[in-house]
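Examination of the molecular architecture
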Amino acid sequence: MGKENIEKFRDDNFYVLNSMDDWVRILDKYGRIVFINEKMKRDIHLDRSLIEQNIDTEKLNEKADIFKNTTIEEERLINDKYYSIKSSPLYYQDEFVGIIEVYRDITSESKMKVDLFNANRKMLEDIRFVRKIQTNILPKNKVYGDIKLEGRYLPSNDVSGDLFDIIKIDKDKYAFYIADVMGHGVKSSIMTMFVKLSIAAIFERHPFYSPGQVLKKLREEFVKLDMNSSQYFTVWIGIFDCKKNTLTFSNAGHNCPPLHLINKKSYVEKLVVSGRMISNIIEQNIYQEVTINLNPKDKILFYTDGIIESKDIGKNEYSVERLMKILKEDRSLDYILDDLEKFSWGEQDDDISLAIIDYKGEKNEN
């Protein structure tokens, strides 16, 4: 089928291509342009070389084999505009006679992709910055007075809703708390910063507050934020009196009671006390308090539900009981995390925080 036949065929069958908003051109098997639609003709001043460009005959024959059952698509920058080019073969009675090319202007879509990529990159940089800040606000692993603290922090995303901290009240008293904010991501991580700053400010203004009073004041500060009613967080807080060898604690909905390893008895007990989570819609006038006696070398393990709710391949949870058994064996935090990773096959769906306090296990190094 020669060029003149294609041209005749074009006049009879390709008139619909002139109504398209895309550029369309047809080349015969010798690489000669035999058809240009009206849109391409009107825009010819954009790049005349494009219209006049021929394709090698050999390449056309190669493409005929490639295009036999498919269409090839590529993107090309033409005069500062991006075009998606779809090339398909033309056959006449099973004979390859040429190629039809459709050029669609995708400049706006391409710019949108670039803008989206840049926005995502900026957001990722911001998240990494927040994570660095969040990691640095956690207490260091060291000895605080008569308390040796060691912690681990593993967010499921780049940032976390978990938090723990230790605060020196006076030379004999230290407060420790662990908190879990609903959800994940930047929103939750910012809320952990609110919790940290608020609790520190409460103890600074009211150093004689008991744990229950601190939680009540914390809820008052949270309500002032006028947050969405669905936002909430949980906190377990205790005050160590190293002079009296006691721990007084209170709870605001934290469903992971710390585990107390009593050194003299090699016995593990849960430090349970009732109390509702901190939110706008649940009011708690009184947070109950419990006081226990401590012995030198007693240990207390603090954790969030990301550990005990981790599941194995059979959907069985890691469980508090498993943690209690490991603590009774006096294992390290690294051992616990290794055991958890093997149990859950390395999958982590929630934030994980672990902290252990060794009470009077070492002399004061400060």
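Looking at an unreviewed UniProt entry, one finds the chain named Stage II sporulation protein E, with Anaerococcus hydrogenalis ACS-025-V-Sch4 as its source organism.

Another point: the overall build of the chain. Per the secondary structure count, the chain includes ten helices and 17 strands. About 20,100 Å² of surface is accessible on the chain, with carbon and sulfur atoms providing 49% of the total.

With 49 residues, the main nonpolar core has F176, I199, F203, F233, F240 and L247 as its most contacted residues. Ignoring anything within four residues of it in the chain, the contact list for I199 reads I167, Y177, V214, L218 and I237. In terms of nonpolar packing, the next biggest core, distinct from the first, is built from 22 residues, L323, L340, F343 and I352 among them.

The next subject is the pattern of salt bridges. Applying the stated criterion to the full structure yields 15 salt bridges. Between R25 and E101 there is a salt bridge, and its shortest N-O distance comes to 2.5 Å. In this pair, R25 is assigned in strand β1 (residues 23-28) and E101 in strand β5 (residues 95-105), connecting sequence segments 76 residues apart. Judged by its relative accessible area of 5%, E101 falls in the buried class. One salt bridge connects K224 with E221, and the closest N-O pair in it is separated by 3.4 Å. Residue K224 and its partner E221 are both found in helix α7 (residues 211-224); the two are separated by three residues, about one turn of the helix.

Before going further, it helps to examine the environment of K41. Following the sequence through the fold, K41 ends up in helix α2 (residues 38-42). Take K41: its relative accessible area is 45%, and that puts it in the partly exposed class. Linking K41 and W23, residues 18 residues apart in sequence, is a C-alpha distance of 8.5 Å.

Time to look at helix α10 (residues 333-344). Counted at 1.5 Å a residue, the expected span for α10 with its twelve residues is 16 Å, and the 16 Å between its end C-alpha atoms agrees. Those residues of α10 that sit buried are L333, I336, L337, D339, L340, F343 and S344. Buried residues of α10, seen end-on, are gathered within an arc of 160 degrees and therefore sit on one face of the element. Residues of α10 that are buried in the fold lie against β7 (147-154), β16 (299-303), α8 (305-308), α9 (320-328) and β17 (352-359).

Within the secondary structure, T107 sits in helix α5 (residues 107-136). Its relative accessible area of 11% is what places T107 among the buried residues. A distance of 3.1 Å separates a polar atom in the side chain of T107 from the backbone nitrogen of Y82. Contact partners of T107, with chain neighbours within four places excluded, come to D80, K81 and Y82.

Before going further, it helps to spend a moment on the sheet that holds β17. Ordered by their spatial adjacency, six strands build an open sheet running β6-β7-β17-β16-β12-β13, and the pairing between neighbours is antiparallel. Where the open sheet ends on each side, the last strands, each with one partner, are β6 (142-144) and β13 (267-270). The sheet shows a mean angle of 25 degrees between the axes of neighbouring strands, direction not considered. Bridge count for β16 against β17 is five bridges, and the pairing is antiparallel. Residue L301 lies in a different strand from β17, and its bridge partner there is I356.

It is worth spelling out the packing of α9 against α10 at this point. Put simply, α9 and α10 touch, their axes get as near as 11 Å, and they point 145 degrees apart. Two packed elements cross with a definite hand, and for α9 against α10 that hand is right-handed. Between α9 and α10, the residues in contact are R322, L323 and I326 and Y335, I336, D339 and F343, respectively. When the residues that make up the contact of α9 with α10 are grouped by side-chain class, the tally is five nonpolar, no polar and two charged.

Calculation criteria
Residues numbered from 1 in each chain as written. Predicted model: local features only at pLDDT ≥ 70, side-chain atom pairs only at ≥ 80, totals over all residues. Heavy atoms only, no water. Helix = DSSP H or I, 4+ residues; strand = E, 2+ residues; numbered from the N terminus. Areas by Shrake-Rupley, 256 points an atom, 1.4 Å probe, with all protein chains shown as cover. Core = buried A, V, L, I, M, F, W, Y, C linked by side-chain atoms within 4.5 Å. Buried < 20%, exposed > 50% of the residue type's maximum accessible area, 1.4 Å probe, protein only. Contact = heavy atoms within 4.5 Å. Salt bridge = Lys/Arg side-chain N within 4 Å of Asp/Glu carboxyl O. Expected span 1.5 Å × (residues − 1). Arc of directions from axis to C-beta. Polar contact = N/O pair within 3.5 Å; in protein donor to acceptor, adjacent residues only side chain to side chain. Pairing = 2+ DSSP bridges. Axes fitted to C-alpha atoms, helices over the stretch in contact; angles between N-to-C directions. Left-handed = near helix turned anticlockwise from the far one by under 90°. Nonpolar A, V, L, I, M, F, W, Y, C, P; charged D, E, K, R; others polar.

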